[in-house]
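Notes for the structure review
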Amino acid sequence: MLRKNYIVFLLIGLTILVSQCWVLGASPALHRADSLFSIGKYQEANRLYQLTFQKNNKFNPGLLSRLSFLAENENDPARSLYYLSVLAQKKPTVALLEKMKHMADQHNLKGYEFNDFSYFLIFYRRYGGYIPILLLTLGIYVVVVMVIKVSRHERIQNRHKWTTVAYLLALFALLNVPANYRSGVIKNQLVHIRTFPSAAAPVVEILRQGHRLTVIGNRDRWKRVIWNEKIVFVRDSDIWII
């Protein structure tokens, strides 16, 4: 009995040891960067944080916050706003969006307006997983009721039919449009945005680093974006995708 307990505890201990070694080995650069950051060696910490960010696809709010702080500390508002935008993509808060707007206003950058849509975005990203389920359940209920009425040869008014169709179309849009909605931050200085995806196309405007645009599609090596309510194109190499 004692031997069995000993073996069980030994296996548990080995499992914990292996898991801890895996965690420590998975991100040694991040642990070292945290140590450097804590003692004020920001330049070295920033280099390691950026390497970790580029290699690790997992969402890490602490890493993004420190990258933003370090970029702001180096007087690089575009990069700082980019990291904050990535953070706001999954964890938007009023305080975060207000900070982004304040920083953008200080540097005359567009695309960070804080308005009613911003509040909707916060609500949707917090509870967006539940809203489609609720609406889909309601839609199934409506369709089932209408099928039962048809099977019983009961009359369905035309306005009820059109309302159901409109509801299902709205539900389809709600399920698909947010997934296609993306933003991007101009990462280079003096970027040309053009009417068509070609270097020979007319230039609509020349943008400074840091402006944020809505990305609605791709074409070859170009991004189709919305800028000042116009659909224009910018090179892939000139924009950070959020």
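Residues numbered from 1 in each chain as written. Predicted model: local features only at pLDDT ≥ 70, side-chain atom pairs only at ≥ 80, totals over all residues. Heavy atoms only, no water.

Turning to the overall build of the protein chain, a few remarks are in order. From N to C terminus, the protein chain includes nine helices and seven strands. The long-range fraction of contacts in the protein chain, counting pairs at least 24 apart against all pairs at least 6 apart in sequence, stands at 51%. Surface summary for the protein chain: the accessible area is close to 16,200 Å², and the carbon and sulfur share equals 60%. (Helix = DSSP H or I, 4+ residues; strand = E, 2+ residues; numbered from the N terminus. Contact = heavy atoms within 4.5 Å. Areas by Shrake-Rupley, 256 points an atom, 1.4 Å probe, with all protein chains shown as cover.)

Okay, the confidence of the model for the protein chain next. Keep in mind that low pLDDT regions are not for reading the predicted coordinates in detail. On average, residues of the protein chain carry a pLDDT of 80, and 80% of them reach 70 or more. For the stretch residues 1-26, pLDDT sits under 50, and the model shows two contacts to residues farther than four places along the chain or on other chains. (pLDDT = per-residue confidence, 0-100.)

Further remarks concern the nonpolar core. The biggest cluster of nonpolar side chains holds 30 residues, and the ones touching the most others in it are Tyr49, Leu81, Tyr82, Leu96, Met100, Tyr112 and Val185. Elements that contribute at least two residues to this core include exactly helix 2 (28-38), helix 3 (42-55), helix 4 (61-73), helix 5 (77-90) and helix 6 (94-106). Ranked by residues supplied to this core, first place goes to helix 5 with eight residues. Leave out the neighbours within four places in its chain, and Met100 touches Leu81, Leu84, Ser85, Ala88, Tyr112 and Arg212. Counting residues in hydrophobic clusters, the runner-up holds 11 residues, among them Ile186, Ile193, Leu213 and Val215. (Core = buried A, V, L, I, M, F, W, Y, C linked by side-chain atoms within 4.5 Å. Buried < 20%, exposed > 50% of the residue type's maximum accessible area, 1.4 Å probe, protein only.)

This paragraph deals with the environment of Lys110. As for its placement among the helices and strands, Lys110 is situated in the loop between helix 6 and helix 7 (116-127). Residues Lys110 and Asn228, 118 residues apart in the sequence, show an inter-C-alpha distance of 9.5 Å. With residues near it in sequence (within four places) discarded, Lys110 still touches His211, Arg212, Trp227 and Asn228.

A few words now on the packing of helix 4 against helix 5. Helix-helix packing: each pair is described by the crossing angle between the helix axes and the interaxial distance. Here helix 4 crosses helix 5 at 160°, and the two axes come no closer than 7 Å. Taken together, helix 4 and helix 5 sit at an angle that is classed as roughly antiparallel. The crossing of helix 4 and helix 5 is left-handed. Residue-level contacts link Pro61, Leu64, Ser65, Leu67, Ser68, Ala71 and Glu72 of helix 4 to Arg79, Ser80, Tyr83, Leu84, Val86 and Leu87 of helix 5. (Axes fitted to C-alpha atoms, helices over the stretch in contact; angles between N-to-C directions. Parallel < 35°, antiparallel > 145°, perpendicular 65-115°, else oblique. Left-handed = near helix turned anticlockwise from the far one by under 90°.)

Attention now moves to the packing of aromatic side chains. According to the stated counting rule, one finds eight aromatic pairs in the structure shown. Between Phe37 and Tyr49 the ring centres are 6.2 Å apart and the planes differ by 65°, which places this aromatic pair in the edge-to-face class. Taken together, the residues Phe37 in helix 2 and Tyr49 in helix 3 connect sequence positions 12 residues apart. A single burial state applies to Phe37 and to Tyr49, both of which are buried. Between Tyr82 and Trp240 the ring centres are 5.0 Å apart and the planes differ by 25°, which places this aromatic pair in the stacked class. Remark: Trp240 occurs in strand 7 (residues 239-241) and Tyr82 occurs in helix 5; sequence separation between them is 158 residues. (Phe/Tyr/Trp six-rings, centres within 6.5 Å; stacked < 30°, edge-to-face > 60°.)

A cluster of nonpolar side chains, contributed by Leu136, Ile140, Val144 and Ile148, occupies part of the molecular surface with about 320 Å² of accessible area. Mapped onto the elements of the fold, Leu136 is located in helix 8 (residues 131-151). (Patch = residues over 30% accessible without salt bridge, like charges linked within 9 Å, V, L, I, M, F, W, Y side chains within 5 Å. Salt bridge = Lys/Arg side-chain N within 4 Å of Asp/Glu carboxyl O.)

Let's shift gears to the packing of helix 5 against helix 6. As a packed pair, helix 5 and helix 6 sit with axes 10 Å apart at the nearest point and diverge in direction by 160°. For the element pair helix 5 / helix 6, the angle class is roughly antiparallel. When you trace helix 5 past helix 6, the crossing you get is left-handed. Across from Pro77, Ser80, Leu81, Leu84, Ser85, Leu87 and Ala88 in helix 5, the residues of helix 6 making contact are Leu96, Leu97, Lys99, Met100, Met103 and Ala104. Of the residues belonging to the contact of helix 5 with helix 6, the class tally is 10 nonpolar, two polar and one charged. (Nonpolar A, V, L, I, M, F, W, Y, C, P; charged D, E, K, R; others polar.)

It is worth spelling out the pairing of strand 4 (residues 212-219) at this point. Here four bridges tie strand 1 (residues 182-186) to strand 4, and the two strands are oriented antiparallel to one another. Among the inter-strand pairings, Val185 is bridged to a residue of strand 4, identified as Arg212. Joining the antiparallel neighbours strand 4 and strand 5 (residues 222-227) is a turn of two residues, in which Asp220 adopts a positive phi near 55°. (Pairing = 2+ DSSP bridges.)

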